[in-house]
Amino acid sequence: MSWLTNKFKSLTSIINFSGMGKIIAAVLVVVAILLSILGMYWSSEPDQFDVVAAAKEKAAAQGYLNNSKKLVTGYTTASTLHSIIETLLDKPGGFISNDIMPPGVFMDNMPTWEFGALVQSRDLARAFRKEFSRSQSQSTEDVNLKIAEPQFNFDTRSWALPSSESEYRRGNKELMEYLDRLAGPSNNKAQFYARADNLADWLSDVSTRLGSLSQRLSASVIDDKPQLESEENSRYVRTPWSKADDVFYEARGTSWALIHILRAIEVDFVFVLQDKNALVSLRQIIRELEATQASIWSPFILNGSGFGVLANHSLVMASYVSRANTAIIDLRRLLEQG
C-alpha cells in the first residue's frame, strides 16, 4: 500500500512540474514577443527636422530673437549639432550603443546608425573648436567648445561611471552655453567665422568619411570571381557578409546627420556660397544624401552579386554616397578657387 502511495506522489509531482514548465515556457514566449516588438520600435530611425525652426525655437526660449526674427550667423549650425546629439539621446530607446539589457543588447542596426551620426557630430564639434570659432591659428580656443568637443568623443560603449549619455549631455550643455554667448549680450561673447577656408577644411573631413563608407559599402557585395594573389589585391579589404548591414546603417546614420548639418551650413554660409557660385553644388549634395533616407521595404539588407537575382542594397547606398562625395570635392574646389 505504501508503495502505491509513493508512486502516486511521484506521478503527481511530475504532473505539477510539467504544468509549471508550461507556465514558464509561456511566460518566456510572451517576454520574447514583447522584447521583439520593443526592439522593432527602438529600431525606428528618427524623422528629419527643420534646422531653422529648431534653431529659432532654442533662440526664442532664451529670448535671443530680435524683431526681424533673424538668427546670428553660426547659430543655426551650432543649434543643429545640439539637436542631433539631443536626438541621439532622446529618441525611442534612448542611446542604445551602450545597453547591457535586452532588447538593446541584441540590437546592432541602430547602434551602427547612432555611430554614423555621432561621427559626423564629432567632426563638426572639432571644426567648431579648431576653425569656426577662431579668427586665425593663433587665436584662443573658445572656453565652452574646448570642453564640449572631447565630451562628444567619449566611448560609446560605457554604460556607467560615467555613462556615455552623461558625457554627451555635458557636451551639449557646454554647446548650449556657447550658443548663449554667441547670441546673447555677454561680455565674453562667442564668435563664429563663416569663411570659405573654414568650410573647405570641414568638407575635407566629410569627404574622407564618405569616401571610406563608399568603399566599405562596395566591398560588401558578393563576388564569385576568384581573387588573384597580388600586391594590389592584398590591399583590398572585403567587408564580411555578416557586417554588410552594419555598414549600410552606419551610412544611413552618417547621411541623416549630414543632411541636417548641410542645411544649416546653407543658412550660415549663404553669402560665402553665393560669392563662390557654390549654392547649387551644396543643394545637389543634400539631394543625393536625401535619397539615402528612402524607406527600406525589405526585412533584410540584401547584398547579392553585382548582376544577380538578389537586390544590392549596399551598391545602391554606395552610389548615392559616392555621388555626394564627388559633389563635395567639386564644392571644395569652388570654395578654394572661386
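Residues numbered from 1 in each chain as written. Predicted model: local features only at pLDDT ≥ 70, side-chain atom pairs only at ≥ 80, totals over all residues. Heavy atoms only, no water.

Attention now moves to helix H2 (residues 51-62). With twelve residues, H2 extends 17 Å from end C-alpha to end C-alpha; this agrees with the ideal 16 Å at 1.5 Å per step. Looking only at H2, the buried set comprises Val51, Ala54, Ala55, Lys58 and Ala59. Within H2, the buried residues cover an arc of 130° as seen down the axis, which keeps them to one side. Facing away from the buried side of H2, by more than 90 degrees, are the exposed residues Glu57 and Ala61. Looking at the buried residues of H2, the elements they touch are helix H3 (75-90), helix H6 (164-183) and helix H9 (244-268). Two to three positions downstream of the cap, the backbone nitrogen of Val52 sits 3.0 Å from a side-chain oxygen, assigning the N-cap of H2 to Asp50. A positive phi of about 75° marks Gly63, the residue just after H2. (Helix = DSSP H or I, 4+ residues; strand = E, 2+ residues; numbered from the N terminus. Expected span 1.5 Å × (residues − 1). Buried < 20%, exposed > 50% of the residue type's maximum accessible area, 1.4 Å probe, protein only. Arc of directions from axis to C-beta. Contact = heavy atoms within 4.5 Å. Polar contact = N/O pair within 3.5 Å; in protein donor to acceptor, adjacent residues only side chain to side chain.)

A word on unusual backbone geometry. A negative phi angle characterises most non-glycine residues, just as the trans form characterises most peptide bonds. Of note, the bond from Pro102 into Pro103 is cis; its omega dihedral lies within 30 degrees of zero at 0°. One can find Pro103 in the loop between H3 and helix H4 (109-132). Backbone torsion omega between Leu161 and Pro162 reads -10°, so that peptide bond is classified as cis. Here Pro162 lies in the loop between helix H5 (145-152) and H6. Of note, the phi angle at Leu161 is positive, near 50°, even though the residue is not glycine.

We now examine the confidence of the model for the protein. Taken residue by residue, the protein gives an average pLDDT of 86. The fraction at 70 or more is 84%. In this model, residues 226-234 is a region of pLDDT below 50 whose contacts with residues beyond four sequence positions or in other chains number three contacts. (pLDDT = per-residue confidence, 0-100.)

With that settled, consider a nonpolar patch on the surface. Taken together, the side chains of Met20, Ile23, Ile24, Val27, Leu28 and Val31 make up a nonpolar region of the molecular surface, amounting to roughly 550 Å² of accessible area. Among the secondary structure elements, Ile24 is positioned in helix H1 (residues 2-42). Overall, the relative accessible area of 46% leaves Ile24 in the partly exposed class. (Patch = residues over 30% accessible without salt bridge, like charges linked within 9 Å, V, L, I, M, F, W, Y side chains within 5 Å. Areas by Shrake-Rupley, 256 points an atom, 1.4 Å probe, with all protein chains shown as cover. Salt bridge = Lys/Arg side-chain N within 4 Å of Asp/Glu carboxyl O.)

Note on placement: His82 falls in helix H3. Residues contacting His82, with those up to four places away along its chain left out, are Lys58, Asn172, Leu175 and Met176.

We now examine H9. The first and last C-alpha atoms of H9 sit 36 Å apart over 25 residues, in line with the 36 Å expected at 1.5 Å per residue. For H9, the buried fraction is high: 23 of the 25 residues fall into the buried class.

Tracing the backbone through its elements, the reader meets Gly253 in helix H9. Separated by 141 residues in sequence, Gly253 and Thr112 place their C-alpha atoms 7.6 Å apart. Ignoring any residue separated from it by four or fewer positions in sequence, one finds Gly253 in contact with Trp113, Gly116 and Ala117.

Attention now moves to the nonpolar core. Formed by 75 residues in total, the largest nonpolar core has its most connected members in Phe128, Tyr178, Trp202, Leu273 and Leu335. In terms of residue count, the dominant contributor to this core is H9 (eleven residues). Excluding its chain neighbours within four sequence positions, the residues that come into contact with Leu273 are Leu199, Ile265, Glu266, Ala278, Leu279, Leu282, Leu331 and Leu335. (Core = buried A, V, L, I, M, F, W, Y, C linked by side-chain atoms within 4.5 Å.)

For the pair H4 and helix H7 (residues 196-218), interaxial distance at closest approach is 10 Å and the crossing angle is 155°. Classed by the angle they form, the pair H4 and H7 counts as roughly antiparallel. By crossing handedness, the relation of H4 to H7 is classed as right-handed. On H7, the residues touching Val119, Gln120, Asp123, Leu124, Arg126, Ala127, Glu131 and Phe132 of H4 are Asn198, Leu199, Asp201, Trp202, Asp205, Val206 and Arg209. (Axes fitted to C-alpha atoms, helices over the stretch in contact; angles between N-to-C directions. Parallel < 35°, antiparallel > 145°, perpendicular 65-115°, else oblique. Left-handed = near helix turned anticlockwise from the far one by under 90°.)

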